[in-house]
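One letter stands for each residue in the lines below.
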Amino acid sequence: QPPGAAVAGPDGAGGDLHLVHIAGSQFGILSSLQFEGATKRNKPSLQPGQLVYARISNLHDNMLDPSLSCINGPHDAGVPRKDWMTSEGCYGILKGGTCCKISLGLARELLSTSNVVLNALAATKIPFELAIGVNGILWIHSAAPEYTVLIQNAILNSEVLTDEQVRAMVKTLKYTVDKQLQQQHDA
């Protein structure tokens, strides 16, 4: 499970372990060494409040906090392994952007390759990145805050619209934002 999560801070074990809020009843535990290519000498320095895209790597029987990992797992076949320092990996620290809470059902829908709203947004040619956590945390990053708001609104509204309404909504939002940006540029 790849939750988006805010890092709460080191747990006192030399700064190597971090308690992570995973939008559940328990925190997750993330080691600084659980990043692709991390070593004892070369590891990320996580700060309180940073957003991390990670997966649950181990659930403990004794109800302790689950272990998290930013290393590709057994269900990530075909995903290229990129060192944590390149910021190109599947998992890791999320920089910039914004996050919001969405329903678990919408999170599952967004993970489908045939998702209508994501395909409609891709057709607009707006460059953006998403991290969709099955815990209902959505992270959005784009080149302009206006586009980030457009993407967030489109995704949130898509849950209650038909496929045709979603496509029309995305086109309308894109037209409106482009018009506003052009007016700002001309002023």
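In what follows, the accompanying structure is described. (Residues numbered from 1 in each chain as written. Predicted model: local features only at pLDDT ≥ 70, side-chain atom pairs only at ≥ 80, totals over all residues. Heavy atoms only, no water.)

Counting 24 residues, the largest nonpolar core has L110, V117, L121, L138, I155 and V170 as the members making the most contacts within it. Taken together, the elements giving at least two residues each to this core come down to α1 (104-110), α2 (116-123), β10 (137-142), α3 (145-158) and α4 (163-186). What L138 contacts, discounting residues up to four positions off in sequence, is T98, C99, C100, I102, L110, L130, A131, I132 and I155. V20, L30, V52 and Y91 belong to the second-largest nonpolar core, a separate cluster that totals 17 residues. (Core = buried A, V, L, I, M, F, W, Y, C linked by side-chain atoms within 4.5 Å. Buried < 20%, exposed > 50% of the residue type's maximum accessible area, 1.4 Å probe, protein only. Helix = DSSP H or I, 4+ residues; strand = E, 2+ residues; numbered from the N terminus. Contact = heavy atoms within 4.5 Å.)

It is worth spelling out the pattern of salt bridges at this point. Enumeration over the complete set of coordinates arrives at two salt bridges. Two residues, K43 and D16, come together in a salt bridge whose shortest N-O distance is 2.6 Å. A residue pair is termed long-range when its members are at least 10 positions apart, and K43 in the loop between β3 (27-35) and β4 (51-53) and D16 in the loop between β1 (4-10) and β2 (17-21) qualify at 27 residues. Judged by relative accessible area, K43 falls into the partly exposed class, the value being 28%. By relative accessible area, D16 is classed as partly exposed at 25%. One salt bridge connects K174 with D178, and the closest N-O pair in it is separated by 2.4 Å. Taken as a pair, K174 and D178 lie in helix α4 at a separation of four residues, close to a single helical turn. (Salt bridge = Lys/Arg side-chain N within 4 Å of Asp/Glu carboxyl O.)

Quick look at the packing of α2 against α4 now. Remark: α2 packs on α4, axes separated minimally by 9 Å, with the N-to-C direction vectors making an angle of 30°. As the angle between them shows, α2 and α4 are arranged roughly parallel. Relative to α4, α2 is oriented so that their crossing is right-handed. Between α2 and α4, the contacting residues are V116, V117, A120 and L121 on the first element and D163, V166, R167 and V170 on the second. When the residues that make up the contact of α2 with α4 are grouped by side-chain class, the tally is six nonpolar, no polar and two charged. (Axes fitted to C-alpha atoms, helices over the stretch in contact; angles between N-to-C directions. Parallel < 35°, antiparallel > 145°, perpendicular 65-115°, else oblique. Left-handed = near helix turned anticlockwise from the far one by under 90°. Nonpolar A, V, L, I, M, F, W, Y, C, P; charged D, E, K, R; others polar.)

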